[in-house]
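Listed here are the chains, written in short residue letters.
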Amino acid sequence: RSAWLGVIAGLAVLAWMKKPRLLLFLPAALAVILILSPRSIIDRITVTDASSWDRYYMWQAGLDMIMDKPIFGQGTGMILEVYPKFRWQGAPNPNAPHLHNNFIQVAAERGLPSLVFLGWILYLLAREAWRVRKTSPFGALVLAVLATTLTSGMFEYTLGDSEIFMLILLLSALPFSIRFAQKEPELAETRGDAPFPSSSPGSDLVLEQ
């Protein structure tokens, strides 16, 4: 479910940035899916299953962990060890290696200052992607990837998967590279640098001598 929600969010961002009219078809497409009612999708449209309840209890335990140690958190990699202490009665699983939410996980594990720092980093990545959106297709792509990851990350610890995390870092670095490449000719012109000397009358004679 979280993956599908992330995909929908990413496609919505792409449509909004490229062809806003496509957003009008999104509700219609979702309605068609609901009308056709494929079993694999309909079975997931629920919040009363054990998986959903387990996430609810994990988030509650995570909030308790944050209140217990708001500055430094419980420690990197310590969620599995301390979870039994904070586990709410009625939680389906006695142990949890992570809390199925990027923001709660970071705050519970590393503290609220780290959560603020994460928000600042995400803001910088999104801002740089927004700046290059008109000059490069990677701007919209990076914003869509961030939307997909963060939406899915409301129900999963997506930043804890190295495959996803490395892809996000790679794509997020592209707008910075693009902006640097766009500024480089301007900087060279400001410094008076030129890749090759301009030709002028008599230059051939100088070279021959």
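Keep in mind the model is a prediction, meaning the values are calculated, not measured.

Draft legend 1. Geometry of the overall build of the protein chain. For the protein chain, the count of helices and strands is ten helices and zero strands. Listed by position from the N terminus, the elements making up the protein chain come as α-α-α-α-α-α-α-α-α-α. Going through the 209 residues of the protein chain one by one, you find that 32% of them count as buried. Long-range pairs, those at least 24 residues apart, make up 67% of the contacts in the protein chain with a sequence separation of at least 6. If you sum the accessible surface of the protein chain, you get close to 13800 Å²; carbon and sulfur atoms cover 68% of it.

Draft legend 2. Representation of the environment of Val116 within the structure. Along the chain, Val116 falls in helix H7 (residues 112-131). Its relative accessible area of 60% is what places Val116 among the exposed residues. When the C-alpha atoms of Val116 and Val106 are compared, they prove to be 9.7 Å apart, with ten residues separating the residues in sequence.

Draft legend 3. The arrangement of helix H4 (residues 50-68) in detail. The end-to-end C-alpha separation of H4 is 27 Å, in line with the 27 Å expected for 19 residues at 1.5 Å each. Listed in full, the buried residues belonging to H4 are Ser52, Asp54, Arg55, Tyr57, Met58, Gln60, Ala61, Gly62, Met65 and Ile66. Looking at the buried side of H4, the elements it contacts are helix H5 (79-86), helix H6 (102-110) and H7.

Draft legend 4. Inspection of unusual backbone geometry at higher detail. The phi dihedral of His100 is positive, around 55°, even though this residue is not glycine. By the element assignment, His100 lies in the loop between H5 and H6. Since its relative accessible area comes to 14%, His100 is described here as buried.

Draft legend 5. Representation of the environment of Trp59. By secondary structure assignment, the location of Trp59 is in helix H4. When its relative accessible area of 23% is taken as the criterion, Trp59 is described as partly exposed. If sequence neighbours within four positions are ignored, Trp59 has contacts with Leu99, His100, Asn101, Ile104, Met154 and Phe155.

Draft legend 6. Expanded view of the confidence of the model for the protein chain. Counting all residues, the mean pLDDT for the protein chain is 83, and 81% of those residues have values of 70 or more. Mean pLDDT per element in the protein chain: helix H10 (residues 203-208) is the minimum at 44, and H6 is the maximum at 96.

Draft legend 7. Representation of the packing of aromatic side chains in the model. Counted by the stated rule, this structure contains six aromatic pairs. Aromatic side chains Trp53 and Tyr56 sit 5.8 Å apart centroid to centroid with 90° between the ring planes, which places their arrangement in the edge-to-face category. Of the two residues, Trp53 and Tyr56 both sit in helix H4, three residues apart, roughly one turn of that helix. Ring pairing ties together the aromatic residues Trp53, Tyr56 and Tyr57, which thus form one cluster. Of note, Arg133 hangs over the ring of Trp130, and the distance from its end group to the ring centre comes to 3.7 Å.

Draft legend 8. Geometry of the packing of H4 against H6. H6 packs onto H4 with a crossing angle of 35° between their chain directions and a minimal axis gap of 8 Å. In terms of crossing hand, the pair formed by H4 and H6 is left-handed. When H4 is examined against H6, the residues Trp59, Gly62, Leu63, Met65 and Ile66 are found in contact with a partner set consisting of Ile104, Ala107 and Ala108. Taken together, the residues of the contact of H4 with H6 sort by class into seven nonpolar, one polar and no charged.

Conventions adopted
Each chain has its residues counted from 1, following the order in which its sequence is written. Only residues with pLDDT of at least 70 get local features here, since the model is predicted, and only at 80 or more are side-chain atom pairs given and counted; chain-wide, interface and lining totals rely on the full set of residues. Side-chain figures throughout are based on the complete set of non-hydrogen atoms in the structure, without hydrogens or water. Helix and strand assignments come from DSSP, with helices taken as H or I runs of at least 4 residues and strands as E runs of at least 2, each series counted from the N terminus. Whether a residue is buried, partly exposed or exposed follows from its accessible area with a 1.4 Å probe, protein chains only, as a fraction of its type maximum: under 20%, in between, or over 50%, in that order. Should any heavy atoms of two residues lie within 4.5 Å, those residues are counted as being in contact. In this description, accessible areas are obtained by the Shrake-Rupley approach with a 1.4 Å probe, and a residue is regarded as covered only by the protein chains that are shown. Every helix has an expected span of 1.5 Å times one less than the residues it contains. On a scale of 0 to 100, pLDDT captures the predictor's confidence in every residue. Each aromatic pair joins two rings of Phe, Tyr and Trp (for Trp, the six-membered one) with centres within 6.5 Å, and gets the label stacked for planes under 30 degrees apart, edge-to-face for over 60, and tilted for any other angle. Lysine NZ or arginine CZ positioned within 6 Å of the ring centre and within 35 degrees of the ring normal marks a charge as sitting over the ring. Here an axis means a line fitted to C-alpha atoms, over the contact stretch when the element is a helix, while the angle between two N-to-C directions is reported on a 0 to 180 degree scale. Throughout, a crossing is termed right-handed when the near helix is turned clockwise from the far one, and left-handed when it is turned anticlockwise from it by less than a right angle. Residues are sorted three ways: Asp, Glu, Lys and Arg are charged, Ala, Val, Leu, Ile, Met, Phe, Trp, Tyr, Cys and Pro are nonpolar, and all the rest, Gly among them, are polar.

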